[in-house]
Amino acid sequence: GDEGSTPCLHIGRRRLAQRNSSGLLLLAMDDWKAAFGEEWDAVVLGTGMKECLLSGLLSVAGKKVLHLDRNDYYGGASASLDINQLFEKFQAGAPPSEAELGKLRDWAVDMVPKFIMAGGQLVKVLIHTKTANYMEFKAVDGSYCYRAPKARSSGEFGRVHKVPLTPKEALSSSMLSMLEKGRMGKFTMWVASIDCGKPEGFFEDGSFRDMPYWTRVGMTGRKKMPLTQWNGDQFFKDWGLEAGTIEFLTHVCALYRDESWRSAPALEVVSRMQLYLESRTRFAGMTSPYLCPLF
């Protein structure tokens, strides 16, 4: 198996696979009975994401793991199926036709969406457990957001904008004015520069006594930012950004689905935006912060 880990056998209804340093070694169905003649430290049922992570962690920890799946494919409810597997799973009746669907080998259907933040904890776990050795990922080409018209009663339609990834794209985007682009640029540079786990000091008096703070430099000098004491509303008010910019940062970058960012701790909001910024450059050739597993 992988250096420092114990081999982990994966058995499906039609195949058996052994995890080793070069990938997955597929064995014939006739060989599966041999696995039950051995002793195992753990038996994992199913090959969904959480089952594969558990199997990988146990294997990396030196445990001998038997990994079972009743299907003839891996992934459980989050699998990516080829067109024949899809027709069989949903009992479509007649087999798929190239005359209707085109080349059948071009089809791969995800059972659930699987976007992953490239700099997130899940990617780190996949790399640590060596599960990433048996998966293929693709950077999502780009992401888009909808901006409503400034006056909703004007009869105008909103627009869909590509989310800028590079400074050049940001400058050419029509989402913000040039003045607001400058403010947002300073804001994102500050967010990317601070260490959320290491405040620069603690207040010694006043209402934030003994509270940690982070510092930002403005036109009037240095200012202490009590991110653990402020909520998101207070944090953005201090920066003086426009409402549309705040909406973009909280929903597109920090990925809040609602307005809960307003009452969330400012440190949480900053941490979520940092994850977005770090994910954009996590791997070479990134075209968005998101990865999508292909197989």
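A.B. asks: What am I meant to see in the packing of helix α2 (residues 49-60) against helix α5 (residues 121-128) here?
C.D. replies: The geometry of a pair of packed helices is captured by two quantities: the angle between their axes and the separation between those axes. Direction vectors running N to C along α2 and α5 enclose 45 degrees, while the axes themselves pass 9 Å from each other. The pairing of α2 with α5 is recorded here as oblique in orientation. Classified by chirality, the crossing of α5 by α2 is left-handed. Contacts from M49, L53, L57 and V60 in α2 reach L122, V125, L126 and H128 in α5. Residue composition of the contact of α2 with α5, by class: seven nonpolar, one polar and no charged.

A.B. asks: Looking at this structure, how should I read the pattern of salt bridges?
C.D. replies: Side chains that differ in charge, positive against negative, can pair when their charged atoms come close. Following the criterion strictly, the structure yields 11 salt bridges and no others. Where K50 meets E51, a salt bridge forms, and the shortest distance between an N and an O atom there is 3.4 Å. Given the relative accessible area of 62%, K50 is considered exposed. In this structure, the salt-bridge partner of R183 is E180, at a minimum N-O distance of 2.4 Å.

A.B. asks: When you look at the sheet that holds strand β14 (residues 221-225) in this model, what are you seeing that I'm missing?
C.D. replies: If you trace the three strands from one edge of the open sheet to the other, you get β12-β13-β14, paired in antiparallel fashion. The open sheet terminates on both sides in strands that have one partner only, identified here as β12 (201-202) and β14. As judged from the five bridges shared by strand β13 (residues 212-218) and β14, these two strands associate in the antiparallel manner. Bridge pairing in β14 links G218 to G221. Relative to the sheet, helix α8 (residues 232-239) contacts β13 and β14, its axis offset from that of β14 by approximately 175 degrees.

A.B. asks: Where do I start with the side chain of R216 in this structure?
C.D. replies: Looking at the secondary structure, you find R216 in strand β13. A distance of 3.0 Å separates the side chain of R216 from the side chain of D238, its partner in a polar contact. Those residues within four positions of R216 in sequence are excluded, and the remaining contacts are W190, G221, R222, K223, M225, D238 and W239.

A.B. asks: Sorry, what's going on with the sheet that holds strand β15 (residues 290-293) here?
C.D. replies: Hydrogen bonds between backbone groups are what pair the strands of a sheet, and the pairing can be parallel or antiparallel. If you walk across this open sheet you meet the three strands as β8-β15-β9, and the pairing is antiparallel. Each edge of the open sheet carries a strand with a single partner, namely β8 (116-117) and β9 (137-139). The pairing of β9 with β15 spans three bridges and is classified as antiparallel. Pairing of K138 across the sheet is with C292, part of β15.

About the cut-offs
Residues numbered from 1 in each chain as written. Predicted model: local features only at pLDDT ≥ 70, side-chain atom pairs only at ≥ 80, totals over all residues. Heavy atoms only, no water. Axes fitted to C-alpha atoms, helices over the stretch in contact; angles between N-to-C directions. Helix = DSSP H or I, 4+ residues; strand = E, 2+ residues; numbered from the N terminus. Parallel < 35°, antiparallel > 145°, perpendicular 65-115°, else oblique. Left-handed = near helix turned anticlockwise from the far one by under 90°. Contact = heavy atoms within 4.5 Å. Nonpolar A, V, L, I, M, F, W, Y, C, P; charged D, E, K, R; others polar. Salt bridge = Lys/Arg side-chain N within 4 Å of Asp/Glu carboxyl O. Buried < 20%, exposed > 50% of the residue type's maximum accessible area, 1.4 Å probe, protein only. Pairing = 2+ DSSP bridges. Polar contact = N/O pair within 3.5 Å; in protein donor to acceptor, adjacent residues only side chain to side chain.

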